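Results of the structural survey
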2 protein chains.
Amino acid sequence: VGQTAREIHLVEYPKGEVSPDNFVTVEVELPDPEPGQVLVRNTFTSVDPGMRLRLRESGPAGYFNAFPLNAAMDDIWAVGEVVESRADGFEPGDAVWHATGWRDYGIVTAGKPALAGIATLAKIDTAVAPAEKYLGPLGAMGVTAYAGIVDAAELRGDDIVWVSAAAGAVGSLAAQIAKLRGHFVIGSAGSETKVRFLLDELGLDAAFSYRDGPVLAQLRAVAPDGIDVYFDNVGGDHLQAAIAALRNWGRAALCGAISEYESTSPTPGPNNMFQLTANNLTLRGFRGSAYQHRLPDVVRELGGWLADGRLKYQETIIDGLDRAPEALMRVLAGDTTGKALVRVD
Amino acid sequence: VGQTAREIHLVEYPKGEVSPDNFVTVEVELPDPEPGQVLVRNTFTSVDPGMRLRLRESGPAGYFNAFPLNAAMDDIWAVGEVVESRADGFEPGDAVWHATGWRDYGIVTAGKPALAGIATLAKIDTAVAPAEKYLGPLGAMGVTAYAGIVDAAELRGDDIVWVSAAAGAVGSLAAQIAKLRGHFVIGSAGSETKVRFLLDELGLDAAFSYRDGPVLAQLRAVAPDGIDVYFDNVGGDHLQAAIAALRNWGRAALCGAISEYESTSPTPGPNNMFQLTANNLTLRGFRGSAYQHRLPDVVRELGGWLADGRLKYQETIIDGLDRAPEALMRVLAGDTTGKALVRVD
């Protein structure tokens, strides 16, 4: 007989804010793995703000597909351990990385790309770092931060850098890459606690809370001569402030706009787009999944800083698969620090 | 005694639309040229949509300075003939290019940069092309088109290109550069006459009038698989449509937003900025003045096409210095084709 598994299913698309009522935990009996498949027991699964975009019937064109209703939620990063294998190269006990998250046990097909064609079943080396780090700085998140600050924003020279949501999972990595490369780095976040974290733990040069006043005024107070690079995790007033503060030849890397994910209607863009022309500015959107070729650079540069303790990395771990929807709510409300993970019980 | 000159002065900043009542023609007596200066008789002077931005007390930060009230309007391109010279290297009769426009006679200092530091007194070779062409394809306008399509938009491979205001001065050059380099080029404009010009004279692959229906629907009709490059002269709904139509890794070069120049309050930006992230798009603003090093490339590539008749170039010439304000109104209303020039009488 097959393994019994608990899966989180989406039962309705949220109207307005995400609520745990939109989800149920379902117990299912898994089939036995077929040739080329493994049975995996998940230990950690990921919670990302970008998931909000998949919780609606029709998401922004070109981005991830919507989660189907009343089915297991696929294309979510997870790490776990092989329990039973019918796939070459995988043995029971192997630590693995895959995209069959938000469940405790799952059947995973080896060599079948998921998640925009990039995630598949892969072994991870837990001697380098604990398994859950492969859901963070040594995985897609590290690539996203690196690609944004290095490739999309073309960090160079003595650029002055602003990172929004800098206490967040990707933001804290992006800010530290710039800082550890020797730049003057400003971070913003949504609470005094996070601001202290940015200054005391990450060692950023300046930090402010967007709740303390208009973003542009606070930015100008710490960067009176302007900025050269902006790493955007927020959109809205933050992006508009960056466009106003960017100096000639400045660049903004657009990683995603958490301020707009909950919105049900199109949000107006910055009202100062003409500054792009006036100051030769570049706005470059990017998806980490388009830069997976950077993974070796990430493991080398970030892995090195992680090993010698210079790269700080925070996780908020929520215990219990059943609490994954609650964890997502907390991420969207800004009520987590660093990467949010669910430890699967 | 000095030369008498007629100058156009701005007497008030327009409230709402530009009107001839905002200007007067003033007769002044010029001083004699001092050492290093020449007296120039202007033959043509330029009328650009971007001048609208200087007709307000405080323009967008970082762009051109406002025109002062009740004074000659400086930093406007002109061509003319040296009448009297006290500057080395200039003789009476020399054809010259400078930035002391909107007057019939003027005193010009050699070697003193004007217009964002780039325009100064320079001799032009009227054997290559008539003097007024140096206010167009062989001057700043050619550089703007070239820098936008080649540098800012990074034209490459088999990019599908859309140029808005493609019957306009800069737009028609940008569209032709792309077309003559072998790309599929779509042009848009504001009248059936202009659409015919784009198809019949410039030989573009497709064209539409934005007055005939929603921009995005018309764009999709001629480019069902999307576009790779957008050269923006309009902003507003045009830029928003481009962001929706740009394919993965697409690029938009933002040359200026004529739709917003008359606006007195900030205009909301595109409501689909998230597409930048979803599709790895780049928006790059640029000012031609930042790419003056491209002038030799422009003279070579565009000069060659101009000489062999492949590059079409339209001018709307308005006769009479006194009608310069009227010419500017017509440019802003879209009631001119190609480069607008005033022939100084």
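Quick summary incoming for the structure in this document. (Residues numbered from 1 in each chain as written. Chains lettered and ligands numbered in written order. Predicted model: local features only at pLDDT ≥ 70, side-chain atom pairs only at ≥ 80, totals over all residues. Heavy atoms only, no water.)

**A look at the overall build of chain A**
Filter applied, for reference: Helix numbers and strand numbers start at the N terminus; a helix is a DSSP run of H or I with at least 4 residues, a strand a run of E with at least 2. For the radius of gyration, the atom set is restricted to C-alpha positions; the globular benchmark scales as 2.2 Å times the number of residues to the power 0.38. Burial status follows relative accessibility: with a 1.4 Å probe on protein chains alone, a residue under 20% of its type maximum counts as buried, one over 50% as exposed, and anything between as partly exposed. The contact criterion used is simple: two residues touch if any of their non-hydrogen atoms lie within 4.5 Å.
Of the regular secondary structure elements, chain A holds 9 helices and 15 strands. Over its C-alpha trace chain A gives a radius of gyration of 20 Å, about what one expects of a compact globule, namely 20 Å for 345 residues. Along the three orthogonal principal directions, the C-alpha set of chain A runs to about 70 × 45 × 35 Å. The buried share of chain A, taken over its 345 residues, is 58%. Residue pairs in contact within chain A that sit at least 24 positions apart in sequence constitute 68% of those at least 6 positions apart.

**Focus on the sheet that holds strand E8 (residues 160-163) of chain B**
Paired through backbone hydrogen bonds, the strands of a sheet run either parallel or antiparallel to each other. Cut-off, in case you're wondering: In this analysis, strands are considered paired if DSSP registers two or more bridges between them. Interaxial angles span 0 to 180 degrees and are taken between N-to-C directions of axes, which are lines fitted to C-alpha atoms, for helices over the stretch in contact.
The mixed open sheet is built from 12 strands, whose spatial order is E10(A)-E9(A)-E8(A)-E11(A)-E12(A)-E13(A)-E13(B)-E12(B)-E11(B)-E8(B)-E9(B)-E10(B). Strands at the two margins of the open sheet, each flanked by one partner only, are strand E10 (206-209) of chain A together with strand E10 (206-209) of chain B. The mean inter-strand angle of the sheet, taken between neighbouring strand axes irrespective of direction, is 15°. With 5 bridges connecting them, strand E11 (residues 227-232) of chain B and strand E12 (residues 246-254) of chain B associate as parallel partners. Bridging from a neighbouring strand, Ile227(B) pairs with Leu246(B) of E12(B). In the packing of helix H2 (residues 169-180) of chain A onto the sheet, the strands contacted are strand E8 (160-163), strand E9 (184-189) and strand E11 (227-232) of chain A, and the crossing angle to E8(A) comes to about 170°. In the packing of helix H2 (residues 169-180) of chain B onto the sheet, the strands contacted are E8, strand E9 (184-189) and E11 of chain B, and the crossing angle to E8(B) comes to about 170°.

**Observations regarding the nonpolar core**
Defined as follows: Note on terminology: a nonpolar core comprises buried Ala, Val, Leu, Ile, Met, Phe, Trp, Tyr and Cys residues joined through side-chain atoms within 4.5 Å.
Counting residues in each nonpolar core, the largest one holds 44 residues, and the members touching the most others are Trp162(A), Ile227(A), Leu283(A), Trp162(B), Ile227(B) and Leu283(B). When sequence neighbours within four positions are dropped, the list of residues in contact with Ile227(B) reads Ile160(B), Trp162(B), Ile186(B), Leu219(B), Ala242(B), Ala245(B), Leu246(B) and Arg247(B).

**Observations concerning the relation of the copies chain A and chain B**
Convention followed: For the least-squares superposition of copies, only C-alpha atoms count, and only for residues with pLDDT at least 70 in both.
When chain A is brought onto chain B, the operation consists of a screw motion whose angular component is 180° and whose axial shift is 0.0 Å, with 0.0 Å RMSD remaining. Taken together, the rotation and translation describe the operation of a two-fold axis. For chain A, the minimum C-alpha distance to the rotation axis belongs to Gly269(A) and amounts to 1.9 Å. The residues that chain A uses at the interface reappear at the interface of chain B in 100% of cases, marking a shared surface.

**So, the packing of aromatic side chains**
Rules: Any pair of Phe, Tyr and Trp rings, taking the six-membered ring for Trp, is counted once the centres come within 6.5 Å. Such a pair is stacked with planes under 30 degrees apart, edge-to-face with planes over 60 apart, and tilted for the rest. A ring is considered to have a charge above it if a Lys NZ or an Arg CZ atom is located within 6 Å of its centre and within 35 degrees of its normal.
For the structure on display, the rule yields 14 aromatic pairs over all chains. Arranged with centres 6.4 Å apart and planes meeting at 75°, the rings of Phe286(A) and Tyr291(A) form a pair that is edge-to-face. By relative accessible area, which is 1% here, Phe286(A) ends up buried. With centroids separated by 6.1 Å and ring planes inclined at 35°, the aromatic side chains of Trp162(B) and Phe208(B) adopt a geometry described as tilted. In this pair, Trp162(B) sits in strand E8 while Phe208(B) sits in strand E10, placing the two residues 46 residues apart along the sequence. Each member of the pair, Trp162(B) as well as Phe208(B), carries the same accessibility label: buried. Aromatic ring contacts, followed pair by pair, group Phe231(A), Phe286(A), Tyr291(A) and Trp249(B) into a single cluster. The ring of Phe67(A) has Arg54(A) sitting right over it, with the charged end atom 3.8 Å from the ring centre.

**Regarding the interface of chain A and chain B**
Filter applied, for reference: Two parts placed together each lose some accessible area under a 1.4 Å probe, and adding up what both lose gives the buried area. Salt bridge, as applied in this entry: a Lys or Arg side-chain nitrogen positioned within 4 Å of an Asp or Glu carboxyl oxygen. Definition of a polar contact: a pair of N or O atoms within 3.5 Å, with one able to donate and the other able to accept a hydrogen when the atoms are protein atoms, and with sequence-neighbouring residues admitted only if both atoms are side-chain atoms. Lys, Arg, Asp and Glu make up the charged group, whereas Ala, Val, Leu, Ile, Met, Phe, Trp, Tyr, Cys and Pro make up the nonpolar group; the residues left over, Gly among them, are polar.
Tallying the contact residues gives 36 residues for chain A and 36 residues for chain B. Buried area between chain A and chain B, summed over both chains or domains, comes out near 2700 Å², and the portion from carbon and sulfur atoms is 59%. In this structure, the connection of chain A to chain B is made through 0 salt bridges. At the surface where chain A touches chain B, the tally comes to 14 residue pairs in polar contact (both at pLDDT 80 or more). Counting residues per element, the ones that place at least two in the side of chain A that touches chain B are strand E12 (246-254), helix H7 (274-278) and strand E13 (282-285) of chain A. The greatest single-element share of the side of chain A that touches chain B, amounting to 5 residues, is contributed by H7(A). Grouping the constituent residues of the side of chain A that touches chain B by class yields 22 nonpolar, 11 polar and 3 charged. Bridging between E13(A) and strand E13 (residues 282-285) of chain B involves 3 bridges; their strand directions are antiparallel. For Leu283(A), the partnering residue across the bridge sits in E13(B) and is Leu283(B).

**Topic: helix H1 (residues 140-152) of chain B**
The criterion, for reference: What a helix is expected to span follows from its residue count: subtract one and scale by 1.5 Å.
Taking 1.5 Å per residue, 13 residues should reach 18 Å; H1(B) reaches only 16 Å between its end C-alpha atoms and comes up short. All of the buried residues in H1(B) are Ala140(B), Met141(B), Gly142(B), Val143(B), Thr144(B), Ala145(B), Tyr146(B), Ala147(B), Gly148(B), Ile149(B), Val150(B) and Ala152(B).

**So, the packing of helix H1 (residues 140-152) of chain A against H2(A)**
The axes of two packed helices give the description: the angle between them and the distance between them. All names here are of chain A. In plain terms, the rule: If an angle is under 35 degrees, it is roughly parallel; if it is over 145, roughly antiparallel; if it lies from 65 to 115, roughly perpendicular; otherwise it is oblique. Put simply, a crossing is left-handed when the front helix is turned counterclockwise from the back one by less than a right angle, and right-handed when it is turned clockwise.
For the pair H1 and H2, interaxial distance at closest approach is 8 Å and the crossing angle is 50°. Compared by their axis directions, H1 and H2 come out oblique. In the packing of H1 onto H2, the handedness of the crossing is right-handed. Counting all contacts with H1, which are made through Met141, Gly142, Thr144, Ala145, Tyr146, Ile149 and Val150, the residues of H2 involved are Ala169, Val170, Leu173, Ala174, Ile177 and Ala178. Looking at the contact of H1 with H2, its residues break down into 11 nonpolar, 2 polar and no charged.

**So, the pattern of salt bridges**
All names here are of chain A. If you walk through the whole model with that rule in mind, you get 42 salt bridges over all chains. For Glu154, the salt bridge identified is with Arg156, shortest N-O distance 3.6 Å. Assessed through its relative accessible area of 40%, Arg156 is described here as partly exposed.

**As for the packing of H1(A) against helix H8 (residues 295-307) of chain A**
All names here are of chain A. Closest axis-to-axis distance for the H1/H8 pair is 9 Å, and the angle between their directions is 95°. As summarised for this structure, H1 and H8 are arranged roughly perpendicular, according to the angle between their axes. Of H8, the residues touching H1 (which contributes Gly142, Val143 and Tyr146) are Leu295, Asp297, Val298, Glu301 and Leu302. Among the residues making up the contact of H1 with H8, the classes are represented as 5 nonpolar, 1 polar and 2 charged.

**Some details on unusual backbone geometry**
All names here are of chain A. With phi around 60°, Asp75 is a residue other than glycine that occupies positive phi space. As for its position among the elements, Asp75 is in the loop between strand E3 (37-47) and strand E4 (78-85). Positive phi, close to 55°, is recorded for Trp102, a residue that is not glycine. Mapped onto the fold, Trp102 is located in the loop between strand E5 (95-98) and strand E6 (105-109). Owing to a relative accessible area of 0%, Trp102 belongs among the buried residues under this scheme.

**Some remarks on the environment of Gly142(A)**
All names here are of chain A. Residue position: Gly142 is located in helix H1. Judged by relative accessible area, which is 0%, Gly142 ranks as buried. Taking the C-alpha atoms as reference points, Gly142 and Ala169, separated by 27 residues in sequence, lie 9.0 Å from one another. When neighbours within four sequence positions are excluded, Gly142 is seen to be in contact with Gly136, Pro137, Leu173, Val298 and Leu302.

Purely geometric numbers; function is a separate question.
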